[in-house]
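Per-entry structural report
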Protein chains: 2
Amino acid sequence: MNKKALAVLMRARMRPTDPSKLALSPLSKEANQMISNSQEKQSGQDGFRKPDASSKIERSFEHVQKSMHLAISMNKTDMDAELNEFSEGYFSLSHENRQNLLLILAKDYDLNRMQIRELIKQYLGLEPPNISGSEAQLRSGQEEGFLSAFYRIEQNLRHALKPVYDVLFERLNTHPGGLRFLSILRADILSILAEENIASLRALDSYLKDKLSTWLSPAALELHQITWDDPASLLEKIVAYEAVHPISNLIDLKRRLGVGRRCFGYFHSAIPGEPLIFIEVALLKNVAQTIQEVLWHDPPIPECDSTCALFYSISSTQPGLAGINLGKFLIKRVITLVKREMPHITTFATLSPIPGFMQWLLSKLASQSKLAAEENISNSSKDTSATTFWENMLEPGEERVLMDSSENFASGKNGMEVVLNLLTSTNHEWTNSATLLSALKPSLMRLCVRYLLQEKKRGKALDSVTNFHLQNGAMVERINWMADRSEKGLQQSAGIMVNYVYRLENIEEYAQSYFSTGHIHTSSDIRHYVELQSH
Amino acid sequence: MNKKALAVLMRARMRPTDPSKLALSPLSKEANQMISNSQEKQSGQDGFRKPDASSKIERSFEHVQKSMHLAISMNKTDMDAELNEFSEGYFSLSHENRQNLLLILAKDYDLNRMQIRELIKQYLGLEPPNISGSEAQLRSGQEEGFLSAFYRIEQNLRHALKPVYDVLFERLNTHPGGLRFLSILRADILSILAEENIASLRALDSYLKDKLSTWLSPAALELHQITWDDPASLLEKIVAYEAVHPISNLIDLKRRLGVGRRCFGYFHSAIPGEPLIFIEVALLKNVAQTIQEVLWHDPPIPECDSTCALFYSISSTQPGLAGINLGKFLIKRVITLVKREMPHITTFATLSPIPGFMQWLLSKLASQSKLAAEENISNSSKDTSATTFWENMLEPGEERVLMDSSENFASGKNGMEVVLNLLTSTNHEWTNSATLLSALKPSLMRLCVRYLLQEKKRGKALDSVTNFHLQNGAMVERINWMADRSEKGLQQSAGIMVNYVYRLENIEEYAQSYFSTGHIHTSSDIRHYVELQSH
């Protein structure tokens, strides 16, 4: 190939906008739930034959159900063949029939409640070993006798509490390609549960999730640095799965694996040739404020001059592993590794998207400005009994400046409606006006910090990426204005990005306090935004 | 290095007879229980610092106990440091203090029986969903409601049935070097249990074993062919752990990794640089009848002429993994691999030692010949009331020939005593006489088959190697006279060795029937030996 042809190839756009693209962020649960169908196509790599066109003809439901039953029942001779038969049959089923089959699995292969009742009655019949101080001399001999009865029934109870479908999961796990099949099975379960909450399926999911997270314990995962020397089949997966900042062409990919950059993946031996999760790192002089300087930073600084390792993208590849946190261990191991190789690097930070900010803000602005307008009407009609409760999302000073500077761009009954109209204008027009940018900046930055730190769901950060990093033990360090001017960045978070910082010595403590109390560690700069508000 | 010096090096005896040698067969449980102390020395490779001379100074028991407590209690910030502290402290303890600490772990960090009682009372209070045919229409909605209460308490029960020490195991498993430490911990537990059966420690062991076998599921293990190109640090481990036929020097090792030979290991990413179990394979024209032709077969036949893959040695390296069957999956994977690479190989067999044969035979001969002698005396004193029960281990014809041919070598009141004296003579003198060899052969071969097929412990083959291969799905194919004339071979099994045969298509069926009924599949040749007897 001549030089020119090579240059064309390297610049060629990769996987333009393939709808069945496997790109998945561990961070966007919504996406995870839609993925199961496209995922199947990849399932045939190891033990299972690749489902070709012909095998996509749906097999009879009864046939697949029977093979599932055989794969669970004890005395099968050729277990491998049966497991293959079942998985191929499963892949051939329609969405509806998969749901039916999973429901049968959840209900008809559940645990034996009669047996559990029997065991717990025995258990209640046991005299608890009640050893007080004065009886301590009795301990060794007699207590051991007491206890062994407890141990026996407890052990039996533990076994009885395993549903029958545990056998299928265990067998699949020891079967080539089975772990991957289980991950697809779980992705399907999650996608059904997203539509309808079915108790038995929820129980199946929670059981399978526990099993998967045991099998995928960090001890079973290998950290591998992905480089330009890796097989094309692996690099192709990196391109396919990169969820945060899509890789546009081979030059882009090569840069992300080249000087001043690192890419690490966590691999499991049962799912060879592709990482379960991977992280992209840039070695920089300072913590980056915009994603463009990371993605287009060319040429990079000499690695020995860098003091910061910036995690600018984390992507997980298996929607069926949702809720199993591989990221925490990956990040900890990467930090340890980078620290050892490059002691001059002292800061470990991210430059992260805020995927839920705009969605939250726009719906908040819409509802509050509507309430405000209604109150205005009711106020004007002097009907003071109907006081609605609404909150002005804008500080008085902010609202004034905004109303003044937006005259030529958008209208509205109040400041909130103006902001709503500005933010939803086509082509993000507001980003082209210096006046608007500076008028909007104070409110958006302040509201963004409020969203990050104060908006919670079940006591945890509402934003999925925030929640991810906080549970990994990071702190919120800084937010950056106009940090991602891409269409996606403007749409998700009005272009704002956030730096989370990891300090190895605090990771466990921060993760623990976030886990137990929901406490979020922040820099004083960040706190400043919301403290201002409360004055 | 000149040629001569190299030749000397290659022939130099490796690790002469090091008492702390790590050589362990999965097959000899006795050995497994003695190993824990020597094992420790290797534990420092990954996360844990290598315990050097100074750290072998015993730390105070209270200090180690406290670090164990901290490693379990929730809110520790620097978990890694605490786990290191605990493991280092543990290694420094004496045998007695380790036992004390493990007892504390088993008892004081057991499960919360109050909580279990509470949950099972709730459980008993639930109305079981009793759906008869006529009520089937109620199913979907109402049943799901019923069930979700069950699911919730069952899930809670599952969690409550986890002892507190589960936390320690889980944390160690995610800690670098922790899996290895857990395996050493279990080796210690087993060695204590071998001396004394303590119910709480037995429960600890059984729980830890379950955890280890989940973490070491075949899906988490990688098969690697070990070759002369592997690092010396790995090859050194092969030499150290080879338990069946010790490797004498580098030439011996190189031959076992060279043409006509294969060596495969199962590796886990958390225990890098050494296999958990490995198998040595010889590619031969026919199933070998003596181990000498395998070990000294020089030059080997061209690999393309081979039709048999002979497994002549299987060694496991971690005594703490006793009872976790890694061998079955290893053998299945090796067969599949060899079959794919060399379709001309159609027979998969072992040439295996019979480690328990002589021990069983000698004790049987001693007790029965004593009983026979006593009955003789009582018969001569005409006291017919005292009839003892004894069994002549020899057939009448065998006994006659033996008494005739042994005159110059050994004496005895009966045939059994003669055989006993012959077999226990110094330097195995009997093996030097053609007369004795041919006189002893029929009885020893017959009794060996009886030992292999008919002597059982809890319904399973008494011989540990036999039990190992049968539970893996092999059949007993042939026994071979004077197959191992080494000191060890004569001592263990009077030089007899056995071929087990694996047929891929029968492995699961045979393993299953042996597991459920204890049935042993054999060739008709083998059956012949014991059928003769019953005529």
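Residues numbered from 1 in each chain as written. Chains lettered and ligands numbered in written order. Predicted model: local features only at pLDDT ≥ 70, side-chain atom pairs only at ≥ 80, totals over all residues. Heavy atoms only, no water.

What follows covers the overall build of chain A. Regarding its fold elements, chain A presents 23 helices and nine strands. At a minimum sequence separation of 6, the contacts of chain A that also span at least 24 residues come to 74%. For chain A, the computed accessible surface area is about 23800 Å², with 53% contributed by carbon and sulfur atoms. (Helix = DSSP H or I, 4+ residues; strand = E, 2+ residues; numbered from the N terminus. Contact = heavy atoms within 4.5 Å. Areas by Shrake-Rupley, 256 points an atom, 1.4 Å probe, with all protein chains shown as cover.)

Residues and elements named next belong to chain A. Burial analysis of strand β9 (residues 497-502) places six of its six residues in the buried class, the great majority of the element. Where burial is concerned, the two faces of β9 agree: the one with M497, N499 and V501 and the one with V498, Y500 and Y502 are both buried. Where strand β5 (residues 347-350) lies against β9, two bridges are found, and the strand directions are antiparallel. By the bridge assignment, A349 is partnered in β9 with V501. In terms of strand pairing, strand β8 (residues 475-480) meets β9 through five bridges, oriented antiparallel. Following the sheet pairing, M475 is matched in β9 by V501. (Buried < 20%, exposed > 50% of the residue type's maximum accessible area, 1.4 Å probe, protein only. Pairing = 2+ DSSP bridges.)

Another point: the relation of the copies chain A and chain B. To go from the first copy of the chain to the second, apply a rotation about an axis and then a shift along the same axis. Taken as rigid bodies, chain A and chain B are interconverted by a rotation of 180 degrees and an axial shift of 0.0 Å, the fit giving an RMSD of 0.1 Å. Taken together, these values place the two copies in the relation of a two-fold axis. Of the residues that chain A buries at the interface, 98% are likewise interface residues in chain B, meaning the two copies contact each other through the same surface. (Least-squares fit on C-alpha atoms with pLDDT ≥ 70 in both.)

What UniProt calls "domain: Malonyl-CoA decarboxylase N-terminal" (unreviewed entry) maps, in this numbering, to residues 153-215 of chain A. In this annotation, residues 153-215 of chain A is assigned 83% helix and 0% strand; the end-to-end C-alpha distance for the span is 26 Å. (UniProt positions renumbered as here; feature names shortened; annotations may be inferred.)

Our next topic: the state of the cysteines. Residue and element names in this part refer to chain A. On inspection of all chains with the given rule, the structure shows zero disulfides over all chains. Of all cysteine sulfurs in the structure, the one in C308 sits closest to C304, which takes part in no disulfide; the separation is 15 Å. Given the relative accessible area of 56%, C304 is considered exposed. (Disulfide = S-S within 2.5 Å.)

This brings us to the sheet that holds strand β2 (residues 261-268) of chain B. All names here are of chain B. One open sheet holds the seven strands; their spatial order is β1-β2-β3-β4-β5-β9-β8, and the pairing between them is mixed. At either margin of the open sheet sits one strand with a lone partner, and together these are β1 (221-225) and β8 (475-480). Between one strand axis and the next, the sheet turns by 30 degrees as a mean value, whatever way the strands run. In terms of strand pairing, β1 meets β2 through five bridges, oriented antiparallel. Bridge assignment links L221 to a residue of β2, and that residue is H268. Contacts between helix α15 (residues 327-341) and the sheet are confined to β1, β2, β3 (277-284), β4 (308-316), β5 (347-350) and β9 (497-502), with β3 contributing the most and set at about 35 degrees to the helix. Helix α20 (residues 464-471) rests against β4, β5, β8 and β9 of the sheet, and its axis sits at about 10 degrees to β9. (Axes fitted to C-alpha atoms, helices over the stretch in contact; angles between N-to-C directions.)

Quick look at the interface of chain A and chain B now. Every contact between the two is made by 58 residues of chain A and, on the other side, 59 residues of chain B. Between chain A and chain B the total buried area reaches about 4800 Å² when both faces are included, carbon and sulfur atoms providing 57% of it. Considering only the surface of chain A that becomes buried against chain B, A:R113, A:R117 and A:Y151 emerge as the three largest contributors, covering 13% of it. Where chain A touches chain B, the interface holds two salt bridges. We note a salt bridge from B:E154 to A:R113, for which the minimum N-O separation is 2.6 Å. Put simply, the parts of the chain that give the side of chain A that touches chain B at least two residues each are α6 (95-108), α7 (113-125), α8 (139-160), α11 (199-215), β1 (221-225), α15 (327-341) and α22 (507-517) of chain A. At 12 residues, the largest contribution of residues to the side of chain A that touches chain B is made by α8(A). The residue makeup of the side of chain A that touches chain B, split by class, is 27 nonpolar, 14 polar and 17 charged. (Buried area = accessible area lost by both parts, 1.4 Å probe. Salt bridge = Lys/Arg side-chain N within 4 Å of Asp/Glu carboxyl O. Nonpolar A, V, L, I, M, F, W, Y, C, P; charged D, E, K, R; others polar.)

Aromatic ring pairs are described here by two measures, namely the spacing of the ring centres and the angle between the planes. Residue and element names in this part refer to chain A. Enumeration according to the criterion identifies 28 aromatic pairs over all chains in this entry. Geometrically, the ring pair formed by F357 and Y451 is tilted, given 5.8 Å between the ring centres and 45 degrees between the ring planes. Of the two residues, F357 sits in helix α16 (residues 357-380) while Y451 sits in helix α19 (residues 434-454), which places them 94 residues apart along the sequence. The burial state of F357 is the same as that of Y451; both residues are buried. Joined through ring pairs, the aromatic side chains of F86, Y90, F91 and F181 make up one cluster. In this structure, K460 is placed above the aromatic ring of Y514, and the distance from its NZ or CZ to the ring centre is 5.6 Å. (Phe/Tyr/Trp six-rings, centres within 6.5 Å; stacked < 30°, edge-to-face > 60°. Lys NZ or Arg CZ within 6 Å of the ring centre and 35° of its normal.)

Residues and elements named next belong to chain B. For the pair helix α17 (residues 396-405) and helix α19 (residues 434-454), the least separation of the axes is 9 Å and the interaxial angle reads 155 degrees. In terms of orientation, α17 lies roughly antiparallel with respect to α19. Considering the relative orientation of α17 and α19, their crossing is left-handed. Contact residues: E398, V401, L402 and S405 in α17; T435, L436, A439, L440, P442, S443 and R446 in α19. Of the residues in the contact of α17 with α19, the class split is six nonpolar, three polar and two charged. (Parallel < 35°, antiparallel > 145°, perpendicular 65-115°, else oblique. Left-handed = near helix turned anticlockwise from the far one by under 90°.)

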